[in-house]
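Report on the structure
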Protein chains: 2
Amino acid sequence: MTDERGLRLAALPRDHPCGRCEVRLDTFCGALKAKELAEFKALGSTARAEPGQCLFHEGDTAELVFNVTRGTLKLYRLLPDGRRQIASFIQPGDFLGLTVEEVHAYTAEALEPVDYCRFPRERFDRFADEHPEIGRELYAMAAHELAAAREQIVLLGRKTAIERVASFLLARFDRVRARNPDWEIVRLPMTRTDIADHLGLTKETVSRAFTSLRRRGLIALIPDARVELLRREPLEHLAAGERG
Amino acid sequence: MTDERGLRLAALPRDHPCGRCEVRLDTFCGALKAKELAEFKALGSTARAEPGQCLFHEGDTAELVFNVTRGTLKLYRLLPDGRRQIASFIQPGDFLGLTVEEVHAYTAEALEPVDYCRFPRERFDRFADEHPEIGRELYAMAAHELAAAREQIVLLGRKTAIERVASFLLARFDRVRARNPDWEIVRLPMTRTDIADHLGLTKETVSRAFTSLRRRGLIALIPDARVELLRREPLEHLAAGERG
DNA sequence: CTGCCCCTTTGATCTGAATCAACGGGACTG
DNA sequence: CAGTCCCGTTGATTCAGATCAAAGGGGCAG
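Residues numbered from 1 in each chain as written. Chains lettered and ligands numbered in written order. Predicted model: local features only at pLDDT ≥ 70, side-chain atom pairs only at ≥ 80, totals over all residues. Heavy atoms only, no water.

A few points about the protein's contact with DNA strand D
- In the neighbourhood of DNA strand D, 17 residues make up the surrounding shell, with Arg-192, Arg-208 and Thr-211 of chain A together with Ala-161 and Thr-205 of chain B lying closest.
- Here a phosphate oxygen of DNA strand D and a side-chain polar atom of Arg-192 of chain A are 2.7 Å apart.
- Residue Arg-208 of chain A places a side-chain N or O atom 2.9 Å away from a base nitrogen belonging to DNA strand D.
- At the level of elements, helix 7 (203–215) of chain A together with helix 7 (203–215) of chain B are the ones that each hand at least two residues to the surface near DNA strand D.
- Per element, the largest residue contribution to the surface near DNA strand D is 6 residues, and it comes from helix 7 of chain A.
- Looking at the surface near DNA strand D residue by residue, the class counts come to 3 nonpolar, 7 polar and 7 charged. (Near = heavy atom within 4 Å. Polar contact = N/O pair within 3.5 Å; in protein donor to acceptor, adjacent residues only side chain to side chain. Helix = DSSP H or I, 4+ residues; strand = E, 2+ residues; numbered from the N terminus. Nonpolar A, V, L, I, M, F, W, Y, C, P; charged D, E, K, R; others polar.)

Okay, here's the thing in structure tokens:
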């Protein structure tokens, strides 16, 4: 699989508009041949968002879809009195903005500088209709996100504070590991408040959980918002809910 | 849309194997013409599950996919110490068993007598590959379920007990209303414990929330596990999190 | 009809995490 | 370089919901 993808990457002409895209093979673009990819790319444009800027707000009509190539966003909903829930963090390779509704149900805000491709929804849909291989990839991505969302449901419904934080950290480590198998340090571009709003906790409780994991020797907190994984197994036990 | 579907339903020959299926147009079967539908149906078989029986367990290899035609199931995960989270309730017209993993991450257990069609996953995938219109429906269903899952994430992460119960009830009422616009009574085939395990609460808290909603005159509890909607608006305010 | 079981409801008490409060530190600003 | 702001951490107190406990009711087997 990696080899095949490697070949396809190598096969892309030098002057191809997606030639420098680092996440091409992590998203459905990887399912397209060079020519189709160029056609696809021409449907949209690229842009950058600075920290705090939003690609769209809850309630906006969904006119564009996005493909993130660099940086992290948070996808959140606000309740009328200010309570906030971050449904998920969006990372390079993630697709964003697809909705069955006419209107976005969440706000997508950049946590750090974000580069992305954007496509008018109508054109995107037409292209997808004409390219079944895209449809298949889209379905696979939706299924994947659904699995992640249900994992989050288990976390929010039944796990304790420290189990939630352990699960969150492991998910981050595993995401890094998918690319660098022996990388044991992860950067967390989001604040404690963001993590809390993702895990259904408060920033104080998240902070205490980090401290507790550090004291138990499972992780180390490194300057510049980084965390090192010291002992994976007990962290996995905690995350799985084994009352450790 | 309803008219178009009505026509398509009427167009199905009398002796068609799906002729009596009441949910055909609620699921992707509705996107198939009579002949293709018959071919599709022939790929699998129908069966019934009694209350308490499981279509599959967490950890089983995912060899079959299911289409529920009657009855309700619960889809749940157990943590090692017995904590349980019901990811969702599955109803007629819902598709079940699709997973990106080789193995089911949840158990699907019947709450009441359940009729369903089942298909070997491999054959189903092949059929879907050959019929792009199915792929599109599958994607739409996955996107729909993802939206529902994220709604549940907001509920579990940030809503209070009574807001959760109000949201749950409204979702039930709306599901009924989609078919019978002025129907204000809904049957709840699941126990208080099931509802609690869906909403991240305990059965006692769920029961107290029902009592509170009844005392406020928003709902009435009717024998035979039924609930009547008396005042929709305040219930909607509660569900939206307006601190009523 | 009786007894058993399970479900629901209600009450009393407990507790994990929220809230309230304070402090230290890094980044930016004027 | 003082001032401000935001972030993270830690401590004290509070509270929503969990847990523990008990009683009532419907369904069903014998």
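A short note on the relation of the copies chain A and chain B
- For the match of chain A to chain B, the screw axis carries a shift of 0.0 Å, the RMSD comes to 0.0 Å, and the turn is 180°. Overall, the copies show the geometry of a two-fold rotation axis.
- With an isologous cut-off of 70% or more, the 100% of interface residues of chain A that recur at the interface of chain B puts this contact in the isologous class. (Least-squares fit on C-alpha atoms with pLDDT ≥ 70 in both. Contact = heavy atoms within 4.5 Å.)

Topic: the interface of chain A and chain B
- Facing 44 residues of chain A, the contacting portion of chain B comprises 44 residues.
- With both sides pooled, the region where chain A packs onto chain B buries about 3,900 Å², and carbon together with sulfur makes up 60% of that total.
- Here chain A is connected to chain B by 10 salt bridges.
- For Glu-151 of chain B, the salt bridge is made with Arg-77 of chain A, and the minimal N-O distance between the two is 3.0 Å.
- Joining chain A to chain B, the criterion identifies 22 residue pairs in polar contact (both at pLDDT 80 or more). (Buried area = accessible area lost by both parts, 1.4 Å probe. Salt bridge = Lys/Arg side-chain N within 4 Å of Asp/Glu carboxyl O.)

What to know about the protein's contact with DNA strand C
- Looking at DNA strand C, there are 18 residues lining it, with Ala-161 and Thr-205 of chain A together with Arg-192, Arg-208 and Thr-211 of chain B nearest.
- Between DNA strand C and the protein, one listed contact pairs a phosphate oxygen with a backbone N or O atom of Ala-161 of chain A at 2.8 Å.
- A distance of 2.3 Å separates a phosphate oxygen of DNA strand C from a polar side-chain atom of Thr-205 of chain A.
- Where the surface near DNA strand C is concerned, the elements lending two or more residues are helix 7 of chain A together with helix 7 of chain B.
- Looking at which element gives the most residues to the surface near DNA strand C, the answer is helix 7 of chain B, with 7 residues.
- Among the residues forming the surface near DNA strand C, the class breakdown is 3 nonpolar, 7 polar and 8 charged.

None of the figures reported here should be taken as evidence of function without further support.
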